[in-house]
Amino acid sequence: MEYDFREIEARWQKFWSEHATFKVAKDASRKKYYVLDMFPYPSGAGLHVGHPLGYIASDIFSRYKRLKGFNVLHPMGYDSFGLPAEQYAIQTGQHPALTTEQNIARYRQQMDQLGFCFDWEREVRTSDSTYYRWTQWIFLELFNSWYNPRTDKAEPIETLVKLFSEEGLNLAVSDILTGDIEKELHTFSAKEWNAFTEAQKREVLMHFRLAYLGEAYVNWCPAMGTVLANDEVINGVSERGGHPVERKLLKQWSMRITAYSQRLLDGLETLDWTESIKESQRNWIGRSEGASVRFPIQGLEGSIEVFTTRPDTVFGVSFVTLAPEHELVAKVTTADRRDDVEAYVNTAKNRSERERMADVNTISGVFTGSYVSHPFTGQLIPIWVGDYVLVGYGTGAVMAVPAHDERDYKFAMHFGLPIKQVIEPSREFDLQKEAWTEKEGKVINSDILNGLEVKKAIPRAIDAIEKHGFGKRRINYRLRDAVFGRQRYWGEPIPIYYKDGIPYALSVEELPLTLPEVDKYLPTEDGEPPLARAADWKYQGIYEYEHSTMPGWAGSSWYFLRYMDPQNSSSFASKEETAYWNQVDLYIGGAEHATGHLLYSRFWTKVMFDLGHISFQEPFQKMINQGMILGKSSFVYRINSSNSFVTFSKKGDFETTPIHADISLVDNGKLDIEGFRKWRPEFGGAEFICEEDGSYVCGTEVEKMSKSKYNVQTPDELVEKFGADTLRMYEMFLGPLEQSKPWDTKGINGVHNFLRKLWRLFHDQNGNVIVENGESPKEALKTLHKTIKKMQDDLERFSFNTGVSNFMICVNELTDLKCHNHSVLKELVIMLSPYAPHISEELWTKLGYEAGTVGIQQFPAFNESFLVESSFAYPVSFNGKMRFKAELS
RNA sequence: GCGGAUGUGGUGAAAUUGGUAGACACGCUAGACUUAGGAUCUAGUGCCGAGAGGUGUGCGGGUUCGAGUCCCUCCAUCCGCACCA
């Protein structure tokens, strides 16, 4: 009897499902371990071989941890709100919930056939109202909180109300103001506060809430009719769809993630993540230290505030530049300059992000006609407008020091503005040709700073600026608040209604605010989001609800918490459950979420921690980022303006256009010509210029796996051909988990043959089980123990590829030894069970053990005494002394 | 430009703390067995060389008794960010 994987796998999957083998529950007597996969968006295309890579790894590790005695939480769910379902709904009129449901069913079926040990009773779906009820609840928590810089954490908004009613908002409490709040608010006394109307109070509070409605420059995508977060915009076009994106000032719901900049930065130190992801986050947060300095405007009230990291060069300022969108531009523009400035500002505003980014080398700007006075020297300095200054960063204005900043230098050269050297370069350098931008050298021409080294001059300059009241020390972050509203249908409704134009939050008891039915999934004629179409959808039948919905990252920012207690209907998860399961110990997923999901979910976790809902600050302790599996596309070469195709080696003789051919039509590089003709009607009469042997050879290229490139390999056909255990082991065998690699099935036979060999170790030619009892042969025990040690090490360091290899070596050796000893085989099966669960279960029962229990055995113990004899020692001399190093042979 | 990663046979790769480089697998070569299969078994397979031997981890240098591994310079490829003051 041969290894009949089809029969075996179907039978065990049924058994696991019927016996709820992988159901887990809190168990205080055992240590927990939480292994999480990034949950998928259920797209219509189903899973391709790249998707399960991470799931296989997490499955292996979960099973291993279970063998080690841990109570392992290993759940799965769906990030089921999202654009594609909505787009499909727009095209077909079909409700997104329906397509989503179908796609989930397909995903589930594909995952099931791989034999994962998920506890499906804990499944979550972000689009399910029993789930998004709690997403809305968290939104309310954010809405009803503010960030208190004095305690450095989020607090209920009541503490702020108390503060205002006792102290008001004045200089003494100005330390509670951070970032943008600073600019927009006026001070008031406690008395004034108490006399404020409800509306006035709410307006003030809105500037402090962690979820707030505010005016902000947003990434507006006209093609999609919605706003996008910064990380959803790549090179000035939308991440999904590639539509152009422009900047627009809009009133939007936002998340005050900037309040957490420093804590998000500090928290990274405690995490076991790759340096590259941490670095991406540091970059995104973009902390820089410096000072803000105010330059009084000549002849007008007020001043222009700039942010600089080089206060040491303050005496080298020769002009000040405002961003075109800067609020003071209109005010400082003189009458004779107005036409020029307005023309410039309009051009700059109308350029899309993409255009603006495309030509960063073109220098443009315009003089406003006004001047500021230098705070130290009183010298008059012209005010310019230039689009190299970004409104969203710092104060939207810079003090230009052309001698020591490259962009200021180019601007000054272009417009013939003075360049004043204030740093003596520390090595030979031609200041006539470019700016000396290094933070090195001696300060000159700078009054009180003269003679100081740059590194010492910086703090000295800040001290002087603060002493004279010209400005203050300031840490600036590049991180922007996250826009939270989307003008879309298929997302969580924001639990807010408007009374007299003022936003009010729903109460917790009124949740969930369910998604209403609409006639179409498009914006209304007057540009309102699709939710505005919902007839009679009003709070208490009177007040308008908020019409935008939450972005895709809302539901995914906290899903790991819901898995801990997914059925709970009185809270997002009980305290007992979150205290027990705690942080995710191992998180596996793609690196593409480095700045989006991973940052947002860290932010929400910190807020939840501050408000006392959970006892940990970071969601994911250790993270592994699996590499992408790329597709190998096949190409045929059509001779231009003909229906003839030329084989790869002869294509040089013609003018050709490469066309993707479906990889299922290509075997070993050779095209199935008849299949190709039938594939698409336009190729029906295709002619082929072939190789000498009559075959047509295709060209190949490694690309991202995608439907449109006809290079998608689904796991289904491979499972059908070789079985899930083979596919699982093969995907691990391909190479290091974290490395991207092209998909290639040429080695899959090797893994499949190995499983057959393993099968034969237990069976004779007639299919009878051969298991011997009694004393285990010494040689077999050595092999076994060597393998136990290696397999364990491999698993601990996530080196699943060597794990598979080492297991193969073991089976080869036992086969050579003709070892059928019961106790050796038993431990072999347990060791294999994480990698190939189906065949392990089968062999486990053949060894006479209870079905469904192989996964909860103890991982076999490694016994050194068997290794001592088989190891050899070789001499090593170290620092002149000889010593011996033992190696396991 | 800045940051991160990677570079080892024909191929995927291994080498865990500086200690026999290329395990394991694919592929290939030769043979055995077979009513032919994508089966199994045996032997071989980094490169040069008939051989002894020499040589070899992107290039060049360094530290060391010893370097794929540590340090420096450079090169190539991939990924991320990018007018951030």
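Before reading further, recall that the structure is shown in the block above.
Before going into details, it helps to say that this report is about the structure given with it. The structure presented is a predicted model; accordingly, all values stated were derived computationally and were not measured.

Thresholds, definitions, all that
Residues numbered from 1 in each chain as written. Chains lettered and ligands numbered in written order. Predicted model: local features only at pLDDT ≥ 70, side-chain atom pairs only at ≥ 80, totals over all residues. Heavy atoms only, no water. Buried < 20%, exposed > 50% of the residue type's maximum accessible area, 1.4 Å probe, protein only. Helix = DSSP H or I, 4+ residues; strand = E, 2+ residues; numbered from the N terminus. Pairing = 2+ DSSP bridges. Phe/Tyr/Trp six-rings, centres within 6.5 Å; stacked < 30°, edge-to-face > 60°. Lys NZ or Arg CZ within 6 Å of the ring centre and 35° of its normal. Expected span 1.5 Å × (residues − 1). Arc of directions from axis to C-beta. Contact = heavy atoms within 4.5 Å. Salt bridge = Lys/Arg side-chain N within 4 Å of Asp/Glu carboxyl O. Right-handed = clockwise from strand over helix to strand, strands pointing away. Axes fitted to C-alpha atoms, helices over the stretch in contact; angles between N-to-C directions. Parallel < 35°, antiparallel > 145°, perpendicular 65-115°, else oblique. Nonpolar A, V, L, I, M, F, W, Y, C, P; charged D, E, K, R; others polar.

With eight of its 11 residues buried, strand β5 (residues 211–221) lies for the most part within the structure. When β5 meets strand β9 (residues 246–255), the two strands line up antiparallel, connected through 10 bridges. Residue Asn219 lies in a different strand from β9, and its bridge partner there is Arg247. Connecting β5 to the antiparallel partner strand β6 (residues 226–228) that follows it, the hairpin turn spans four residues, and Gly225 within it adopts a positive phi of roughly 65 degrees.

All told, the structure shown has 70 aromatic pairs when counted by the stated rule. The interplanar angle of 40 degrees and the centroid separation of 4.5 Å between the aromatic rings of Trp537 and Tyr545 together place this pair among those described as tilted. Each member of the pair, Trp537 as well as Tyr545, carries the same accessibility label: buried. Here the aromatic rings of Phe645 and Phe683 are separated by 5.6 Å at their centres, their planes lie at 85 degrees, and the arrangement is edge-to-face. With Phe645 in strand β27 (residues 644–646) and Phe683 in the loop between α21 (673–679) and β31 (687–689), this residue pair connects regions lying 38 residues apart in the sequence. Take Phe645 and Phe683: they sit in the same class, and that class is buried. A connected cluster of aromatic rings, assembled from ring pairs, spans Tyr33, Phe61, Tyr64, Phe70, Phe798, Phe800 and Phe859. Note that Arg63 overlies the ring of Trp16, its terminal NZ or CZ placed 5.5 Å from the centroid.

What follows concerns helix α1 (residues 5–19). Taking 1.5 Å as the rise per residue, α1 with 15 residues should run 21 Å; its terminal C-alpha atoms sit 21 Å apart, in good agreement. Looking at α1, one finds that the buried residues are Phe5, Ile8, Glu9, Trp12, Phe15 and Trp16. Take α1 and look down its axis: the buried residues cluster within an arc of 130 degrees, on one side only. Exposed residues pointing more than 90 degrees away from the buried face of α1 are listed as Lys14, Ser17 and Glu18. Where α1 is buried, its residues contact α2 (52–67), α22 (715–722), α23 (724–733), α24 (748–762) and α28 (837–846). At the exit of α1 stands Ala20, carrying a positive phi of roughly 45 degrees.

It is worth spelling out the pattern of salt bridges at this point. Taken as a whole and assessed by the stated rule, the structure comprises 42 salt bridges. The shortest N-O distance in the salt bridge between Lys14 and Glu18 comes to 3.6 Å. On the criterion of helical spacing, the pair formed by Lys14 and Glu18 is a turn pair, its members being four residues apart in helix α1. Of the two residues examined, Lys14 and Glu18, each falls in the exposed class. In the salt-bridge network here, residues are joined through shared partners; they are Glu269, Glu275, Glu279 and Arg282.

Now for the sheet that holds strand β23 (residues 543–545). Ordered by their spatial adjacency, four strands build an open sheet running β21-β20-β23-β22, and the pairing between neighbours is antiparallel. Every interior strand has two partners, whereas the edge strands, β21 (502–505) and β22 (538–539), have only one. For strand β20 (residues 496–499) and β21, the ladder comprises four bridges, and the chain directions are antiparallel. Bridging from a neighbouring strand, Tyr498 pairs with Pro503 of β21.

A word on the pairing of strand β25 (residues 620–625). Where burial is concerned, most of β25 is hidden: five out of the six residues are buried. Pairing between strand β24 (residues 584–589) and β25: five bridges, direction parallel. By the bridge assignment, Gly589 is partnered in β25 with Asn625. Between the parallel elements β24 and β25, the chain passes through helix α20 (residues 597–610) in a crossover that is right-handed.

Let us now look at the sheet that holds β9. On the basis of which strands lie adjacent, the open sheet formed by four strands has the order β6-β5-β9-β19 and antiparallel pairing. Of all the strands in the sheet, the pair left with one neighbour each is β6 and β19 (482–483).

Time to look at the environment of Lys670. Topologically, Lys670 is positioned in strand β30 (residues 670–671). Distance in space between the C-alpha atoms of Lys670 and Val697 is 4.6 Å, their sequence separation being 27 residues. What Lys670 contacts, discounting residues up to four positions off in sequence, is Leu665, Asp693, Ser695, Tyr696 and Val697.

Looking at the element boundaries, Thr853 is found in the loop between α28 and α29 (865–870). By relative accessible area, Thr853 is classed as buried at 13%. Contacts of Thr853, omitting those with residues within four sequence positions, involve Glu841 and Trp844.

With 15 residues, helix α5 (residues 129–143) extends 20 Å between its outermost C-alpha atoms, agreeing within 8% with the 21 Å of an ideal straight helix rising 1.5 Å per residue. In terms of burial, α5 is largely enclosed, as 12 of its 15 residues are buried.

Interhelical geometry of α22 versus α23 gives an angle of 120 degrees and a closest axis separation of 7 Å. Taken as axis vectors, α22 and α23 run oblique relative to one another. From α22, Pro715, Leu718, Val719 and Phe722 reach across to α23, where they touch Ala724, Thr726 and Leu727. Residue composition of the contact of α22 with α23, grouped by class: six nonpolar, one polar and no charged.

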